[in-house]
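Results of the structural survey
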Amino acid sequence: MKNSFTKIATALLLVNMSLMWGCGPTPVIEPSYLPQDVKQSCTINSTDFNKWYASGTAAQNGFVLPANSVTFPHHNNCDFYLWSHQMFLWITSPVSSGQYKSGNTVLESPVFYTVSPAENGKRELIPHVPNTPLRVNSHISQNGPNKLPVIIDREGRLFEVENSNTNGKVMLLNNAGKQVELGHIETLENGLHTFIDKQGKEIQQPKALLKSKINTLRVVQEFKTNGKSIFLDAQGNTIDTEVGQATQDGLIDQHGSLVYYISMVNDVYAYFLTGGQQGVIDTTTFPTTEGARDSICAFARTHGTTLLDSNALAIELKTSWVETTNLPNLGSYITIDAVVPNYDKTNPNKWIPKGERTTKLALIGMHIVGSADKHPELIWATFEHRNNAPNASYTYLDSTGRTKTVPKDTGTHWLLSNNANADSVNHSHIGVSGDTLVGKNGYVIGASNTLRTKPWGTANNVVPNAEDVSAAASNSEIISLNNAINSLLVGNDIRKNYYLLGATWTKGGHGPNGLAYPANSMSLNDAIGTSQLANSTMETYFQFDTLYNQNGSCFRCHSNSSTQGLYPNDLSHIFAETKPLTTFKKK
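Residues numbered from 1 in each chain as written. Predicted model: local features only at pLDDT ≥ 70, side-chain atom pairs only at ≥ 80, totals over all residues. Heavy atoms only, no water.

**Let's talk about the nonpolar core**
Grouped together as the largest cluster of nonpolar side chains are 121 residues, with contacts concentrated most on Ile44, Phe49, Trp52, Trp83, Trp90, Phe112 and Ile368. For tryptophan 83, the contacting residues outside a window of four places in its chain are Ala67, Ser69, Phe72, Ile315, Ile368, Gly370, Ser371, Ala372 and Ile379. Counting 9 residues, the second largest nonpolar core, distinct from the first, contains Ile185, Ile203, Ile230 and Leu232. (Core = buried A, V, L, I, M, F, W, Y, C linked by side-chain atoms within 4.5 Å. Buried < 20%, exposed > 50% of the residue type's maximum accessible area, 1.4 Å probe, protein only. Contact = heavy atoms within 4.5 Å.)

Here it is in structure tokens:
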């Protein structure tokens, strides 16, 4: 396995996941940080909260059990948000060896596997072994249903991008529908472009030649000329983009640290995938039932493995981290020791990896995606550290039911913004080419200003789901639960510094259509809950503005509207690309 990472080794972190629960005094969220007069529309009492703990009683930094996804209650939105919170507390719970065979956290234990970056279209599941470094990526890619990079046009529509190069040739279609090899592109004085073929003749009414099979109305072909990209769709329309290029993005915080990422799956997911590829487990949909769980557990036992938390069902994670050097309030972060690449910065706009160094990383974001009873489309939840980025203005309901407005955050103290009132926000400054970082969109490599445009995953101007009559009502559910969990976590529990932004799913577990409620059809396939969800560390440049956009759902990229939309290959970008487990225990 080691040799399979040779080409990308310098672009990765080797992380010693000896997680520290902060250093010194632990600052926590002040009561005034979130509205305290919010309507208590989603909450939990101390009796039920204590049941989350393995000991039966809440304790500072205590071990929390995973939510039982097999018996998951799904009566209202709050059930989904409670599931999300309990999963986060479980994943970040410290463990003291024993069954977990780790002295750190569930996240680092053998319950989870690291998913490698794709190499030649394939990923590997890397077991977590105590005191063995894990691999972390230094950039993030945004991919659509066809597993292609995505861009946003100036109207807020999301498109996937195909590379125009085919076997060394750039091919497209002419007005007769015939394939033509492109010679070059001429840019006219009015900014329009003329496509010229290899014989020097103008290609009349050029159209994209697409290989994709899923929702091709939202797929474009990329052509490059004079260092710029032109995007053409299958109808011959040129797509005017706001972002500029469809590449992988990097992100730097205000203290000069790159943001690093690691994807993981739990053991249930790993054995589900492996059993499916061996033809002994049904992988038509992700597991949601007791029977599905039992078949996965039985398969694991044939290979000498007992799944400790099988009731969690299938879990997929993506986490984000920054270096702790010069990081204020370090004690408020969960941290890991790491070895990171150095960069040759001789050219300030082209950083080339050169050697490595040891450092410490702090957790700033986490996506938690998991299957649950009657919800094979998965529950999609996300968490952030409270200091990441300023919030745009939002509304909520107070205890009397009156709508109140929280103004946009101010200040220069944010991790991912040095000016909450900056005119230019959420624009990528860093592209990734192989293992090299380059300036992007005319910017020099460096920190950018990030704004959380929809702080609680809901647009201000629409009804977000059938249960909530307004954005304010939806926001209140998330805020009130964050307040409740914060008040019940004991003492200086470091997890008080992280909050739930929201979660999304479909009604009754129907196959997602990629649209957010209320789409034109307002069908059972629309994303509901907080259906305009984005994490400032992982969808930084793919947040939509404060207005509603029916393409702003997680399911826009994690679905396949041409099928029932519930196949694991449709929902998970790593499922089809990941090789089965090859490191089994002896029988």
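**Describing helix H2 (residues 77–91)**
Over its 15 residues, H2 runs 22 Å from end to end, which matches the ideal 21 Å to within 8%, given 1.5 Å per residue. In terms of burial, H2 is largely enclosed, as 15 of its 15 residues are buried. The backbone nitrogen of cysteine 78 has a side-chain oxygen 3.1 Å away, supplied by the residue at the start of H2, namely asparagine 76. (Helix = DSSP H or I, 4+ residues; strand = E, 2+ residues; numbered from the N terminus. Expected span 1.5 Å × (residues − 1). Polar contact = N/O pair within 3.5 Å; in protein donor to acceptor, adjacent residues only side chain to side chain.)

**Considerations on empty space enclosed by the protein**
Picture a little ball the size of a water molecule; that probe, rolled over the atoms, points out where space is still empty. Tallied over the full model, the rule gives 2 cavities of 30 Å³ or more. Size it by volume and the second largest cavity reaches roughly 30 Å³. As for the second largest cavity, its lining consists of Tyr269, Phe286, Ala314, Ile315, Glu316, Val369, Gly370 and Leu378. Those elements that provide at least two residues to the lining of the second largest cavity are strand E15 (315–323) and strand E17 (350–372). (1 Å grid on protein atoms, 1.4 Å probe; cavity = no way out; pocket = protein on both sides within 12 Å on 5 of 7 lines; lining within 4 Å. Points joined across faces, edges and corners; volume = space filled by probe spheres on them.)

**Some thoughts on the pattern of salt bridges**
Side chains that carry opposite charge are capable of pairing whenever their charged atoms lie near each other. Summed over the entire model, instances satisfying the criterion amount to 11 salt bridges. Salt-bridge contacts for glutamate 384 lead to arginine 452; the nearest nitrogen and oxygen are separated by 3.4 Å. Taken together, the positions of glutamate 384 in strand E18 (residues 375–385) and arginine 452 in the loop between strand E22 (436–439) and helix H5 (471–488) put the pair 68 residues apart, joining distant regions of the chain. This pair shows no difference in class: glutamate 384 is buried, exactly as arginine 452 is. Here aspartate 493 makes a salt bridge to arginine 495, at a shortest N to O gap of 2.9 Å. Grouping residues by exposure puts aspartate 493 and arginine 495 together as buried. Among the charged side chains, a network of salt bridges with common partners joins Asp37, Asp398, Arg402 and Lys404. (Salt bridge = Lys/Arg side-chain N within 4 Å of Asp/Glu carboxyl O.)

**Details of unusual backbone geometry**
A cis amide bond links tyrosine 517 with the next residue in sequence, proline 518, at an omega value of -5°. In this fold, proline 518 is placed in the loop between strand E23 (498–506) and strand E24 (527–529). Despite not being glycine, leucine 313 has its phi angle at roughly 60°, a positive value. Note that leucine 313 resides in the loop between helix H4 (290–301) and E15. Using a relative accessible area of 0% as the deciding quantity, one classes leucine 313 as buried. A positive phi angle, close to 80°, is found at leucine 378, a residue other than glycine. Classification of leucine 378 as buried rests on a relative accessible area of 4%.

**Digging into the packing of aromatic side chains**
Per the counting criterion, the structure on display carries 20 aromatic pairs. With a centroid separation of 4.4 Å and an interplanar angle of 10°, the aromatic rings of phenylalanine 88 and phenylalanine 383 are classed as stacked. In this pair, phenylalanine 88 sits in helix H2 while phenylalanine 383 sits in strand E18, placing the two residues 295 residues apart along the sequence. Exposure class is identical for phenylalanine 88 and phenylalanine 383. Each is buried. Seen from their ring centres, tyrosine 271 and phenylalanine 299 are 6.1 Å apart, and the 70° between their planes marks the pair as edge-to-face. In this pair, tyrosine 271 is assigned in helix H3 (residues 267–277) and phenylalanine 299 in helix H4, connecting sequence segments 28 residues apart. The pair formed by tyrosine 271 and phenylalanine 299 is uniform in burial state, with each residue classed as buried. Members of the aromatic cluster, connected to one another through ring pairs, are Phe72, Phe80, Tyr81 and Trp505. The cationic tip of lysine 345 hangs over the ring face of tryptophan 351; the distance from NZ or CZ to the ring centre is 4.2 Å. (Phe/Tyr/Trp six-rings, centres within 6.5 Å; stacked < 30°, edge-to-face > 60°. Lys NZ or Arg CZ within 6 Å of the ring centre and 35° of its normal.)

**Re the packing of H3 against H4**
Between H3 and H4, whose axes approach to 9 Å, the crossing angle comes to 80°. Accordingly, the angle class assigned to the pair H3 and H4 is roughly perpendicular. Contact residues: H3 offers Val268, Tyr271, Phe272, Thr274 and Gly275, while H4 offers Ile296, Phe299 and Ala300. Residues belonging to the contact of H3 with H4 are distributed by class as follows: 6 nonpolar, 2 polar and no charged. (Axes fitted to C-alpha atoms, helices over the stretch in contact; angles between N-to-C directions. Parallel < 35°, antiparallel > 145°, perpendicular 65-115°, else oblique. Nonpolar A, V, L, I, M, F, W, Y, C, P; charged D, E, K, R; others polar.)

**Looking at the side chain of asparagine 475**
With respect to the helices and strands, asparagine 475 occurs in helix H5. The exposure class assigned to asparagine 475 is buried, which follows from its relative accessible area of 2%. Beyond its immediate chain neighbours, meaning those up to four positions away, asparagine 475 contacts Tyr394, Thr395, Trp456 and Thr458.

**A few points about the sheet that holds strand E5 (residues 150–152)**
Read across the open sheet, the 4 strands follow the order E5-E6-E11-E12; overall the sheet is mixed. Across the chains shown, the open sheet's two edge strands, defined by having one partner strand only, are E5 and strand E12 (228–233). Averaged over all neighbouring strand pairs, the angle between strand axes comes to 45°, with direction disregarded. Sheet analysis places strand E11 (residues 219–225) next to E12, joined by 6 bridges and oriented antiparallel. (Pairing = 2+ DSSP bridges.)

**Digging into the environment of isoleucine 152**
Along the chain, the position of isoleucine 152 falls in strand E5. Sequence separation between isoleucine 152 and isoleucine 239 is 87 residues, and the spatial gap between their C-alpha atoms is 9.2 Å.

**Quick look at H5**
Its 18 residues place the ends of H5 26 Å apart at the C-alpha level, agreeing with the 26 Å of an ideal helix rising 1.5 Å per residue. Counting buried positions along H5 yields 17 of 18 residues, so the element is predominantly enclosed.

**What about the state of the cysteines?**
On inspection of all chains with the given rule, the structure shows 1 disulfide. Here cysteine 42 connects covalently by a disulfide to cysteine 78, the sulfurs 2.1 Å from one another. On the S-S bond that ties cysteine 42 to cysteine 78, the torsion sits near 80°, and the link is right-handed. Note that cysteine 42 is positioned in the loop between strand E1 (12–20) and helix H1 (46–50) and cysteine 78 in helix H2, a separation of 36 residues in sequence. You'll find cysteine 42 and cysteine 78 in the same group, each marked buried. Cysteine 554 forms no disulfide, and the closest cysteine sulfur to it belongs to cysteine 557, at a distance of 9.0 Å. Owing to a relative accessible area of 13%, cysteine 557 belongs among the buried residues under this scheme. (Disulfide = S-S within 2.5 Å.)

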